[in-house]
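Fold and geometry: a report
For reference, the chains in residue letters:
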4 protein chains.
Amino acid sequence: MSIPASLIHDLVIANRVLAREEVVDAYGHVSVRHPDDPQRFLIARSLAPELVGPDDFVELGLDGEPVRSGEDRPLYLERFIHAAIFEARPDVMAVVHAHAEDTLPFGIADGTKLRPVIHAGSFIGGAVPVWDIADHFGDTNLLVTNIAQGRDLARCLGPGSVALMRGHGFAAAARSVIEVVRMSVYLPRNARALMRAKQLGGGIKYLSDGEIAARNRGYRPYSPETWRTWEYWANNAGCGHLLTRPETPPGG
Amino acid sequence: MSIPASLIHDLVIANRVLAREEVVDAYGHVSVRHPDDPQRFLIARSLAPELVGPDDFVELGLDGEPVRSGEDRPLYLERFIHAAIFEARPDVMAVVHAHAEDTLPFGIADGTKLRPVIHAGSFIGGAVPVWDIADHFGDTNLLVTNIAQGRDLARCLGPGSVALMRGHGFAAAARSVIEVVRMSVYLPRNARALMRAKQLGGGIKYLSDGEIAARNRGYRPYSPETWRTWEYWANNAGCGHLLTRPETPPGG
Amino acid sequence: MSIPASLIHDLVIANRVLAREEVVDAYGHVSVRHPDDPQRFLIARSLAPELVGPDDFVELGLDGEPVRSGEDRPLYLERFIHAAIFEARPDVMAVVHAHAEDTLPFGIADGTKLRPVIHAGSFIGGAVPVWDIADHFGDTNLLVTNIAQGRDLARCLGPGSVALMRGHGFAAAARSVIEVVRMSVYLPRNARALMRAKQLGGGIKYLSDGEIAARNRGYRPYSPETWRTWEYWANNAGCGHLLTRPETPPGG
Amino acid sequence: MSIPASLIHDLVIANRVLAREEVVDAYGHVSVRHPDDPQRFLIARSLAPELVGPDDFVELGLDGEPVRSGEDRPLYLERFIHAAIFEARPDVMAVVHAHAEDTLPFGIADGTKLRPVIHAGSFIGGAVPVWDIADHFGDTNLLVTNIAQGRDLARCLGPGSVALMRGHGFAAAARSVIEVVRMSVYLPRNARALMRAKQLGGGIKYLSDGEIAARNRGYRPYSPETWRTWEYWANNAGCGHLLTRPETPPGG
């Protein structure tokens, strides 16, 4: 049950890329399911993603609590977002929670649904649901600080890839670290393109269901196209030296 | 009555963070009440916040004038904003005045009130009042250059955390340096989220009064979450080496 | 049939400038027709433009396939955009494909045509056509992955300089590397100016046909004005050392 | 008739600051009237402002042509903007021409006049006139390439501080280098504040004529407040070492 160094490095890269691409600031986090034990996941201790290094990860169970006794470093308050999504969705291998600024308006105004309008936004799927913590939990600090709240959010996410969180941010789930980072970076870009298209007036051409399906079918996490972005982002974030490209990519 | 080095360092960090996060440019300032003498406060001499170091602070009284005779360095013209707020509000320990660009539209247009729409904006409180210097002082250069103007602004602020200043900027008041910096950084973000939500159309979901209260109740200036941001901002602003985390946080 | 070093250097500069000016990220590419064989063109192997160096170029034929047998490095999936435009347009010497964010809204909303409103945008020509891959190819992944799709795009471009690609980006064609880079940088700026002018309300003053023609007549790729930008962009992109200014500019 | 080194340094700083603050890119220029001969002015040779150094200036007469025979370096095509304004306005000591992006919409859309809404924008004066080169010169390349066009622009500027140029940019005139740089930096900020205020809806509170007058009365180019910005901008632009503060400021 030891964790491959390449996975740790990928998770460090993910943290730094999300910071560099302004998806997260001091807040927001990324996690990955343990490769050998689907009942656990890895996530950084309470630390700004930009500052996360290989020794900063903790192993949590699907209840959001540390697996190892004696872990006494402060943890992210909102780790329950990750725990509940890994619990509800066996297909999900990686989760991001972030407050990316340009996704926020779609969780605040009810006039326009966030939907894919650019090809790189196709992985969002269809119209993105908005989870409002107030619906079931009343007046809170808006943070997901227990597993019940996490499970409620996971229900809203359902079988999808992204849920917006009203007045707060989003949660994204995917089959790999590379994929969840990619989706988290393109989500705000898709949001900006849609906001500006609305301002130009006239009808909006969203991606069709068939286009979304065609793109999903073609996606492979280690294709040259996907790798190109990952390599570029890692270099820009100052951690190109941590890149590991598998000789035999998973599944092929 | 000597001032702890950690407070001086916090004030240097605050200056640099506000510059780095584009809340201030050459203009704008941050102050802290003297820890031993509530009738005084510390603020930099007339200098761009990005360039402020530990030797650049002066002690002013609640009339906005230097406490020590012989102080002959030029002072901020608008130091009366700070003086008057410290005078009117014994609960306030730190004040920021700034011109952050994305707060300006809400002081110019009367169609939309600035109110919290994102959880990190909750510390603004409710709808932010707009102070118009012209109401009581007629045609001025819009700057708060005497204590009478400062007091008028402090009356508009009332028991709140922020007041917008028409065509000029804002004044923010809080219980600590960390808190006032945090509020000043999130104020423009909350403003942008609200502006963009308005453009999407439909109704706007503001934070409820209960949510604002719940967040205020939970706030502690040295919690791991608050510290995470402070550490992150300080590192980004190139002054991580000045960070001091109290072993025994104030009040607990 | 050897390629002048200055052309290779120009192509490296073009890649880096497009990255630095945020026209491309990991995706997007620039190509140049072979100076001695109009049936070939040079383009980078599959690599983020920011990372492209002199040894990263491949020679492709007008079918989009490598001219040299044994070329086994991964290629850009969308190289057919370049191949088809070079095939259809003997006057074109350089092509860019990119996803520049602020051009996207004009391919998504049908309420406003992208047209030149600023003098630096004149090289766009008149109203920019929008190519929708779905019109002839149904539900795809939106990428131009074969020569038939490339030719369909080239037909939409016609004798023009730019075509928008719905939900995806744009293709630009010009008489030189410098010119196609220049057009690609100014296209998003022109798009932003038009978007914001629309928001101000009232009528829009587009460039007249006569103004567009006057600017085109005066353009020379090695004039002091054009060179000034090229030199500035190259320096900003960290490759000023690769600049070569021809003693005898092409055509005189 | 030798030129003080401090003026040359100020002009270098002005070039670099305008570049750093994104008022100019490769295009745009700043000039200063010769301190001893009001019939001449100094401006850089054709070079991106970011790259301008002390040896790059030329002396031009009020006809826009070099004063010294033998000057054979390429000159800015649009130097006639400066020549004509210095000719028409003996009170003007410094001129900027630039294409700052956020000023462009107000020259393209006729629905909203650019007027001061923020205190730092007061130096614009009242509603900014828009000069359209097409009115008297028909279809051109939109550039001011001869003295007749320059004079037409100067007439539109009249006794004011700024004129917008339709589809092109702006010209600003002031009593000193520091002042014209300051106005050029705040002009786009004022434009953004006004654009966003319009989007919020409701009435707009512009600066009153009395406020504009009060601010103009109080302005001194070497006051601590003005110096603070100049010092800050110069440091940010990497040329703080060129700063010279006069012991005895001009005029006292």
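Right above here is the structure, for reference.
Residues numbered from 1 in each chain as written. Chains lettered and ligands numbered in written order. Predicted model: local features only at pLDDT ≥ 70, side-chain atom pairs only at ≥ 80, totals over all residues. Heavy atoms only, no water.

Details of the overall build of chain A
Each helix and strand counted, chain A has eight helices and seven strands in total. Expected size for 252 residues packed as a compact globule is a radius of gyration near 18 Å; at 17 Å, chain A falls within 12% of this value. Its C-alpha atoms put chain A at 55 × 45 × 30 Å along the principal axes. Approximately 8,900 Å² of chain A is accessible, and the part contributed by carbon and sulfur atoms is 48%. Each charge class in chain A can be summarised by its mean position, and for the 26 positive and 30 negative side chains these summaries are 7 Å apart. (Helix = DSSP H or I, 4+ residues; strand = E, 2+ residues; numbered from the N terminus. Rg over C-alpha atoms; globule rule 2.2 N^0.38 Å. Areas by Shrake-Rupley, 256 points an atom, 1.4 Å probe, with all protein chains shown as cover. Lys, Arg positive; Asp, Glu negative; His and termini not counted. Charge placed at Lys NZ, Arg CZ, Asp CG, Glu CD.)

Here's the deal with the interface of chain A and chain B
Between chain A and chain B, the contact holds 38 residues from the first and 33 residues from the second. Among the residues chain A hides against chain B, the three largest losses belong to Tyr27, Glu101 and Ile108 of chain A. Together they make up 22% of the total. Taken together, chain A and chain B are joined by six salt bridges. The tally of links from chain A across to chain B stands at 19 residue pairs in polar contact (both at pLDDT 80 or more). (Contact = heavy atoms within 4.5 Å. Buried area = accessible area lost by both parts, 1.4 Å probe. Salt bridge = Lys/Arg side-chain N within 4 Å of Asp/Glu carboxyl O. Polar contact = N/O pair within 3.5 Å; in protein donor to acceptor, adjacent residues only side chain to side chain.)

Some words on the relation of the copies chain A and chain B
Take chain A, turn it by 90°, move it 0.0 Å along the axis, and it overlays chain B with an RMSD of 0.0 Å. The symmetry that links the two subunits is that of a four-fold axis. Every residue of chain A has its C-alpha some distance from the rotation axis, and the shortest such distance is that of Gln199 of chain A, at 5.4 Å. The two copies present different faces, since only 3% of the interface residues in chain A are matched by interface residues at the equivalent positions in chain B. (Least-squares fit on C-alpha atoms with pLDDT ≥ 70 in both.)

Comments concerning the packing of helix H2 (residues 79–88) of chain C against helix H5 (residues 147–157) of chain C
Residues and elements named next belong to chain C. One way to put it is that H2 packs onto H5 with a least axis distance of 8 Å and a crossing angle of 55°. Classed by the angle they form, the pair H2 and H5 counts as oblique. Helix-helix and strand crossings are classified by hand; for H2 and H5 the assignment is right-handed. Each of Phe80, Ile81, Ala83, Ala84, Ile85, Glu87 and Ala88 in H2 lies in contact with H5, whose residues at this interface are Ile147, Gly150, Arg151, Leu153, Ala154 and Leu157. Classifying every residue of the contact of H2 with H5 by side-chain character gives 10 nonpolar, one polar and two charged. (Axes fitted to C-alpha atoms, helices over the stretch in contact; angles between N-to-C directions. Parallel < 35°, antiparallel > 145°, perpendicular 65-115°, else oblique. Left-handed = near helix turned anticlockwise from the far one by under 90°. Nonpolar A, V, L, I, M, F, W, Y, C, P; charged D, E, K, R; others polar.)

Observations regarding helix H1 (residues 5–20) of chain D
Residues and elements named next belong to chain D. End to end, H1 covers 22 Å across 16 residues, agreeing with the expected 22 Å (1.5 Å per residue, within 8%). Those residues of H1 that sit buried are Leu7, Ile8, Asp10, Leu11, Val12, Ile13, Ala14, Asn15, Val17, Leu18 and Ala19. Here the buried face of H1 lies against strand S1 (29–33), strand S2 (40–44), strand S3 (57–61), strand S4 (94–98), helix H6 (177–200) and helix H8 (224–236). The positive-phi residue at the C-terminal boundary of H1 is Glu22, with phi of around 60°. (Expected span 1.5 Å × (residues − 1). Buried < 20%, exposed > 50% of the residue type's maximum accessible area, 1.4 Å probe, protein only.)

Points about the interface of chain D and chain C
The interface is formed by 37 residues belonging to chain D together with 33 residues belonging to chain C. The largest per-residue losses of area from chain D upon contact with chain C belong to Tyr27, Glu101 and Ile108 of chain D, which jointly make up 22% of the total buried on that side. For the interface between chain D and chain C, the tally reads six salt bridges. Put simply, chain D and chain C have 19 residue pairs in polar contact (both at pLDDT 80 or more) between them. When contributions to the side of chain D that touches chain C are tallied by element, the ones reaching two or more residues are helix H3 (105–108) and H6 of chain D. Grouping the constituent residues of the side of chain D that touches chain C by class yields 18 nonpolar, 10 polar and nine charged.

What about the side chain of His99 of chain C?
Assignment of secondary structure puts His99 of chain C in the loop between strand S4 (94–98) and helix H3 (105–108). Among the polar contacts made by the side chain of His99 of chain C, one reaches the side chain of His168 of chain C at a distance of 3.4 Å. In contact with His99 of chain C, not counting residues within four places along its chain, are His119 of chain A together with Val23, Tyr27, Glu78, Leu104, His168 and Gly169 of chain C.

Brief notes about the sheet that holds strand S6 (residues 162–165) of chain D
Residues and elements named next belong to chain D. The sheet built from seven strands is open, its strands ordered S3-S2-S1-S4-S7-S6-S5 with mixed pairing. Unpaired on one side and paired on the other, S3 and strand S5 (130–131) mark the two borders of the sheet. In the sheet, S6 pairs with strand S7 (residues 169–174) via four bridges, with the strands oriented antiparallel. Along S7, the bridge assignment pairs Leu164 with Phe170. (Pairing = 2+ DSSP bridges.)

Here we look at the pairing of strand S2 (residues 40–44) of chain B
Residues and elements named next belong to chain B. Judged by how many residues are buried, S2 sits mostly within the fold: five of five residues are covered. Note that strand S1 (residues 29–33) and S2 share three bridges and pair antiparallel. For Ser31, the partnering residue across the bridge sits in S2 and is Ile43. A loop of six residues connects S1 with S2, the two strands running antiparallel in sequence. When S2 meets strand S3 (residues 57–61), the two strands line up antiparallel, connected through five bridges. Opposite Ala44, over in S3, you have Phe57 as the bridge partner.

Observations concerning the environment of Val58 of chain A
All names here are of chain A. With respect to the helices, strands and loops of the structure, Val58 is situated in strand S3 (residues 57–61). Exposure remark for Val58: the relative accessible area of 3% places this residue in the buried category. Note: C-alpha distance between Val58 and Gly158 (100 residues apart in sequence) is 26 Å. Setting aside residues no more than four positions away along its own chain, Val58 makes contact with Phe41, Leu42, Ile43, Ala44, Arg45, Glu71, Arg73 and Leu75.

As for the side chain of His168 of chain A
With respect to the secondary-structure elements, His168 of chain A resides in the loop between strand S6 (162–165) and strand S7 (169–174). Residue His168 of chain A is classed as buried on the basis of its relative accessible area, which comes to 2%. For His168 of chain A, the side chain forms a polar contact with the side chain of His97 of chain A, separated by 3.1 Å. Excluding residues that lie within four positions of it along the chain, His168 of chain A makes contacts with Glu78, His97, Ala98, His99, Leu104, Leu142 and Leu143 of chain A together with His119 of chain B.

Details of the packing of aromatic side chains
According to the stated counting rule, one finds 11 aromatic pairs over all chains in the structure shown. Here Phe123 of chain A and Tyr219 of chain A contribute two aromatic rings whose centre-to-centre distance is 5.2 Å and whose plane-to-plane angle is 65°, an arrangement assigned as edge-to-face. With Phe123 of chain A in the loop between helix H3 (105–108) and strand S5 (130–131) and Tyr219 of chain A in the loop between helix H7 (209–218) and helix H8 (224–236), the pair connects residues that are 96 residues apart, well separated along the chain. The buried category is assigned to Tyr219 of chain A, whose relative accessible area is 9%. Aromatic pair Tyr186 of chain C and Trp233 of chain C: ring centres 5.9 Å apart, planes at 50°, arrangement tilted. Here Tyr186 of chain C is found in helix H6 (residues 177–200), whereas its partner Trp233 of chain C is found in helix H8 (residues 224–236), with 47 residues between them in sequence. By relative accessible area, which is 4% here, Tyr186 of chain C ends up buried. Sitting over the face of the ring of Tyr206 of chain A, Arg115 of chain A holds its NZ or CZ atom 4.0 Å from the ring centroid. (Phe/Tyr/Trp six-rings, centres within 6.5 Å; stacked < 30°, edge-to-face > 60°. Lys NZ or Arg CZ within 6 Å of the ring centre and 35° of its normal.)

Considerations on the sheet that holds S2 of chain B
Residues and elements named next belong to chain B. The strand order across the open sheet built from seven strands is S3-S2-S1-S4-S7-S6-S5, with neighbouring strands paired in mixed fashion. Two strands close off the open sheet at either side, each with one partner strand: S3 and strand S5 (130–131). Packed onto the sheet, helix H1 (residues 5–20) meets S1, S2, S3 and strand S4 (94–98) and runs at close to 160° relative to S1.

A short note on the environment of Gly53 of chain D
Residues and elements named next belong to chain D. With respect to the helices, strands and loops of the structure, Gly53 is situated in the loop between S2 and S3. The exposure class of Gly53 is buried, given its relative accessible area of 10%. For the pair Gly53 and Leu11, spaced 42 residues apart in the sequence, the C-alpha separation amounts to 8.9 Å. Contact partners of Gly53, with chain neighbours within four places excluded, come to Val12 and Arg16.

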